[in-house]
Amino acid sequence: MASSLNSWSFGFFSLTLTTLAIISKTSVAAPVYQPSSWALAHATFYGDETASETTGGACGYVNLVSNDYGTDTAALSTTLFNNGFTCYQIKCVQSPWCYSGVQSTTVTTTNLCPPNWGQDSSNGGWCNPPRVHFDMSKPAFMKIAQWKAGIIPVMYRRVPCVRSGGLRFSFQGNGYWLLVYVMNVGGGGDIATMWVKGSKTGWISMSHNWGASYQAFAALRGQSLSFKITSYTTKETIICWNVAPANWNVGLTYKTNVNFH
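Remember, it's a predicted structure, so these values are computed and weren't measured experimentally.

Turning next to the environment of P115. Relative to the helices and strands, P115 resides in the loop between β4 (105–113) and β5 (133–137). C-alpha separation for the pair P115 and N128, spaced 13 residues apart in sequence, amounts to 4.4 Å. Leave out the neighbours within four places in its chain, and P115 touches T78, C127, N128 and P129.

So, on to the sheet that holds strand β10 (residues 203–210). Across a sheet, strands are paired by hydrogen bonds formed along the backbone, either parallel or antiparallel in direction. The strand order β13-β12-β9-β10-β11-β8-β7-β14 describes an open sheet built from eight strands, whose pairing is antiparallel. Whereas interior strands pair on both sides, the edge strands pair on one side only; in this sheet they are β13 (237–244) and β14 (253–255). Adjacent strand axes in the sheet meet at a mean angle of 30°, parallel and antiparallel pairs treated alike.

For the rest of this paragraph, the subject is the confidence of the model for the protein chain. Per-residue pLDDT for the protein chain averages 84, and the proportion of residues at 70 or more is 79%. In the model, residues 1–28 has pLDDT below 50 throughout and makes zero contacts with residues more than four positions away in sequence or in other chains.

What follows concerns the pairing of β4. With seven of nine residues buried, β4 is to be regarded as a mostly interior element. Relative to β4, strand β2 (residues 73–77) runs parallel, the two being bridged by five bridges. Each residue of the ladder has a partner; that of S77, found in β4, is C113. Sheet topology note: the strand β3 (residues 87–92)/β4 ladder contains four bridges and is antiparallel. Note that in β4 the partner of Y88 across the bridge is V107.

Further remarks concern the state of the cysteines. Counted under the stated rule, the structure contains three disulfides. Covalently, C92 is tied to C98 through a disulfide, its sulfur atoms 2.0 Å apart. Note on the C92 and C98 pair: the S-S dihedral is about -75°, so by sign convention the disulfide is left-handed. For the pair C92 and C98, one class covers both residues: buried. Disulfide pairing places C113 opposite C127 at an S-S distance of 1.9 Å.

Within the largest apolar cluster, 25 residues are counted, with the highest numbers of intra-cluster contacts made by F169, F171, V182 and F227. The greatest single-element share of this core, amounting to four residues, is contributed by β13. In this view, V182 contacts L167, R168, F169, I191, M194, A212, Y214 and I229; residues no more than four positions away in its chain are not counted. Listed in part, the 21 residues of the second largest apolar core include A41, Y88, V107 and A140.

Calculation criteria
Residues numbered from 1 in each chain as written. Predicted model: local features only at pLDDT ≥ 70, side-chain atom pairs only at ≥ 80, totals over all residues. Heavy atoms only, no water. Helix = DSSP H or I, 4+ residues; strand = E, 2+ residues; numbered from the N terminus. Contact = heavy atoms within 4.5 Å. Pairing = 2+ DSSP bridges. Axes fitted to C-alpha atoms, helices over the stretch in contact; angles between N-to-C directions. pLDDT = per-residue confidence, 0-100. Buried < 20%, exposed > 50% of the residue type's maximum accessible area, 1.4 Å probe, protein only. Disulfide = S-S within 2.5 Å. Core = buried A, V, L, I, M, F, W, Y, C linked by side-chain atoms within 4.5 Å.

Next comes the structure, spelled out in structure tokens:
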């Protein structure tokens, strides 16, 4: 009888440890990007109220409106720019042109504001290093200040990119060269590394092409495709299984229900 009791006690102890291990594993939260501290910069705007001139840019987003980025976008000076993707909260300060009662607006950085070495950095060369500068779309600028101001001092901080839905993968290239634009990236908004896996292959490392695009030189036609992505900021890695079916084609965008936090 004692032997049976000891056996039951050991089994119960093992079951308890297993249960605790399962609970511990499932309760670990994914890394969440935290806002940075506030810092001082300046902001201007470009384009008109339609923000038509902000479409495309240095990140490969093509049509920002159809890709759900809207017109709340900005170009960064090279001091801040890192292939775009990121999100910033911006508020107008210390200027009579600031709208009273407006706390801030949040923009996605989708473009580069290049240096203008022909102008002094304090008079026209706003994006010359080492200046930290935001060249906002006009609709975004007009949310915090009157456009007649031209240039305003702002406080800014980097914040999580809050996205609706999962990552989106827009395909270009051909059967032997897959070029993928990654859109709707949440969390830190940035990507460090990316892999693709065909239903008949292992994980294939993709190289950064430019902006929001990554490429793989591999024969992947006729295979369903999955993607693995690591965030540069949080180091979180997520896997998007079976993003595209075996009959995938270029020119199409495939959606997932997975995203960074």
